[in-house]
Amino acid sequence: MAEGEDMQAFTSIMDALVRISTSMKNMEKELLCPVCQEMYKQPLVLPCTHNVCQACAREVLGQQGYVGHGGDPSSEPTSPASTPSTRSPRLSRRTLPKPDRLDRLLKSGFGTYPGRKRGALHPQVIMFPCPACQGDVELGERGLAGLFRNLTLERVVERYRQSVSVGGAILCQLCKPPPLEATKGCTECRATFCNECFKLFHPWGTQKAQHEPTLPTLSFRPKGLMCPDHKEEVTHYCKTCQRLVCQLCRVRRTHSGHKITPVLSAYQALKDKLTKSLTYILGNQDTVQTQICELEETVRHTEVSGQQAKEEVSQLVRGLGAVLEEKRASLLQAIEECQQERLARLSAQIQEHRSLLDGSGLVGYAQEVLKETDQPCFVQAAKQLHNRIARATEALQMFRPAASSSFRHCQLDVGREMKLLTELNFLRVPEAPVIDTQRTFAYDQIFLCWRLPPHSPPAWHYTIEFRRTDVPAQPGPTRWQRREEVRGTSALLENPDTGSVYVLRVRGCNKAGYGEYSEDVYLHTPPAPVLHFFLDGRWGTSRERLAISKDQRAVRSVPGLPLLLAAERLLTGCHLSVDVVLGDVAVTQGRSYWACAVDPASYLVKVGVGLESKLQESFQGAPDVISPRYDPDSGHDSGAEDATVEASPPFAFLTIGMGKILLGAGASSNAGLTGRDGPAASCTVPLPPRLGICLDYERGRVSFLDAVSFRGLLECPLDCSGPVCPAFCFIGGGAVQLQEPVGTKPERKVTIGGFAKLD
């Protein structure tokens, strides 16, 4: 029984050792220097947090042409790990720069040379090409001397060497040959000893006898991490610079105002984070294995899909080759037929000319006919012969080949085809569209406009996705509303919820598939249903000074003679007229919203609402007023007097002039503007591109908003005992444009309620 238990314990121990050995072997790739591909020797931590051997870093800087920035050679230990026999084999093959190159480098500003002052105004910036992230990192003016050694990584490498027995046993450095196996090491002496040599070199009663022995090692490290600038032990961590600092570094100007914590706090916080992350990974090994299986399956699908893609491309290219071969054969056949036809015509012409030679053919026959003495017979035979001789004579006098020898008409222009074949490439999905934020807005509907980047492949159609962000989050993945196959580069989203925030995104699609989504765009919808109305110029207006557009959505006030007289006689009394334009609708219930744009160059404009009866009574034939600061409503507006009245005023106006909005007492807090001692008595804010007016008839309240950001500017009471209509007042020159409803644009409409939901 005891033997069985001992055997079981031995088996468990061996299994544990095998697991540890396997784990250490799998960790080896994390311990290899990216330059020499060997285990780290005195690794340095680069600013990009990657590691590289100190010797390899010097080699890289030397290849880059930097001289004298490889760190302090005296800081390099004299342990066996730093001897030339154990360094990277690349160092033995390194070619040093030639003297003439060194001279050029020194004169160009690298290193130090006579005449160059230390601490110059423009110190040299040393850039190190990190082999891990393939990026250039700045080492500072001190180069490698300003970097920390990664002592933790050195300890891990040493434990790995001991676990896998890399390099065999460590021998004593002070024994006579043959050396014995080392049993102790000394950090102060930076050497390994056997028992006898350790006693010999650390005699009793001397200062060396106080050296603490350590395990034998090939790499001796300092007891603590030292500051490379001041050679003192680091005690704090700068969160701003993300760098360990010593006591002297804390008081330097470079860390003034930085958030610095003790290294113990940074150690505990980082250790807790690392432990938590590692615990999560170790607790989800099943998930990791599942994802590995999924990735392996993806690899198999990738191999199969890649092979299919190769076959499809080969088939298509063979098809192109077959079409070209068929076309080549037909073109060659056409040339062959043309050539044979020309050769036949030329051969016939040659035969005709040969018959004109003396004693042969037609000439010989004519000579024999001329010997005929019988006149009737001669005439009978010579008539046809004469015609042939005449034609031959004419051909001889006007000679030209029967066919051309040139085949220029058979030349091919393949420039366009060659360009198409050269540009033949794989189909690419459209790039992520860019949403035009200047043209995208929300009013009665949401108008969305976008465009593709300049060099993006075209898209056949687009997919729009959107959702509300101000609704409680539901468990599970985010649910989007989607609209498929939207043509063009703009669309309308109908019936949005009022007072909501929508996030929208777009992606394109073509034969190659769907592209990436655009960046998310957030839009605020109006706080109430949009009120559609036109301008009505029948009440309290002067047709000489007011010009209403044909669509009745814009009005402009032209300053007349009274304003010119006021400008000429500033110190004398003058009278200015108030020009008023009302909306053609009146609100009797619910909540309503509308928006308008005021010309920033307007002299004085008042935008608001009022009781229809009071407006008609006050402004129908309204008298002139003494000053442009005249308040036409005698009620509440942003520049009105501060007197408190119990009854709600019949009017509510926002005063705009010269690109500014005047906010009266108590309005600055609504606009988010306060002074040191509280809200100011009055203030001005910049005029936004569009103003929004929200009327709550039941509550008797009017809110003035920035129609772009929906930031509140002013809220005031209003008497809603009767119909209320929009009103616009002008003193001097000015212009107002009502925002056009989005639904009037001839764009593709997208109904929100009918969309399928995307998980």
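As shown above, the structure is provided for reference.
Here the structure is a predicted model, which is why all the values come from computation and not from measurement.

A. Representation of the overall build of the protein in the model. Scanning the protein from terminus to terminus reveals 15 helices and 37 strands. Across the 759 residues of the protein, 35% fall into the buried class. Long-range contacts, defined as pairs at least 24 residues apart, comprise 65% of the intrachain contacts of the protein with a sequence gap of at least 6. Only carbon and sulfur atoms are counted for the fraction: they give 55% of the accessible area of the protein, which is about 47,600 Å².

B. Here's a closer look at unusual backbone geometry. One non-glycine residue, Q552, lies in the positive phi region at around 60 degrees. Among the structural elements, Q552 can be located in the loop between β22 (546-548) and β23 (554-557). Phi at M658 takes a positive value of approximately 55 degrees, unusual for a residue other than glycine. Locating M658 in the fold gives a position in the loop between β28 (651-657) and β29 (660-663).

C. Seen up close, the sheet that holds strand β1 (residues 43-45). On the basis of which strands lie adjacent, the open sheet formed by three strands has the order β2-β1-β5 and antiparallel pairing. The sheet is open, and its two borders are formed by β2 (51-53) and β5 (148-149), each paired with just one other strand. Judged from the two bridges that link them, β1 and β5 form a sheet pairing that is antiparallel. Each bridged residue has a counterpart across the sheet, and for V45 the counterpart in β5 is F148. In the packing of helix α2 (residues 54-64) onto the sheet, the strands contacted are β1 and β2, and the crossing angle to β2 comes to about 85 degrees.

D. Layout of the pairing of strand β18 (residues 501-510). Across the ten residues that make up β18, a large majority, ten, are buried. Here β18 shows two buried faces, one formed by V501, V503, R505, R507 and C509 and the other by Y502, L504, V506, G508 and N510. Sheet topology note: the β18/strand β20 (residues 521-524) ladder contains four bridges and is antiparallel. Counted as the bridge partner of V501 is H524 from β20. Looking at chain direction, β18 and strand β19 (residues 513-514) are connected through two bridges and run antiparallel. Along β19, the bridge assignment pairs C509 with Y514. The loop that links β18 with its antiparallel partner β19 comprises two residues.

Scoring rules and cut-offs
Residues numbered from 1 in each chain as written. Predicted model: local features only at pLDDT ≥ 70, side-chain atom pairs only at ≥ 80, totals over all residues. Heavy atoms only, no water. Helix = DSSP H or I, 4+ residues; strand = E, 2+ residues; numbered from the N terminus. Buried < 20%, exposed > 50% of the residue type's maximum accessible area, 1.4 Å probe, protein only. Contact = heavy atoms within 4.5 Å. Areas by Shrake-Rupley, 256 points an atom, 1.4 Å probe, with all protein chains shown as cover. Pairing = 2+ DSSP bridges. Axes fitted to C-alpha atoms, helices over the stretch in contact; angles between N-to-C directions.

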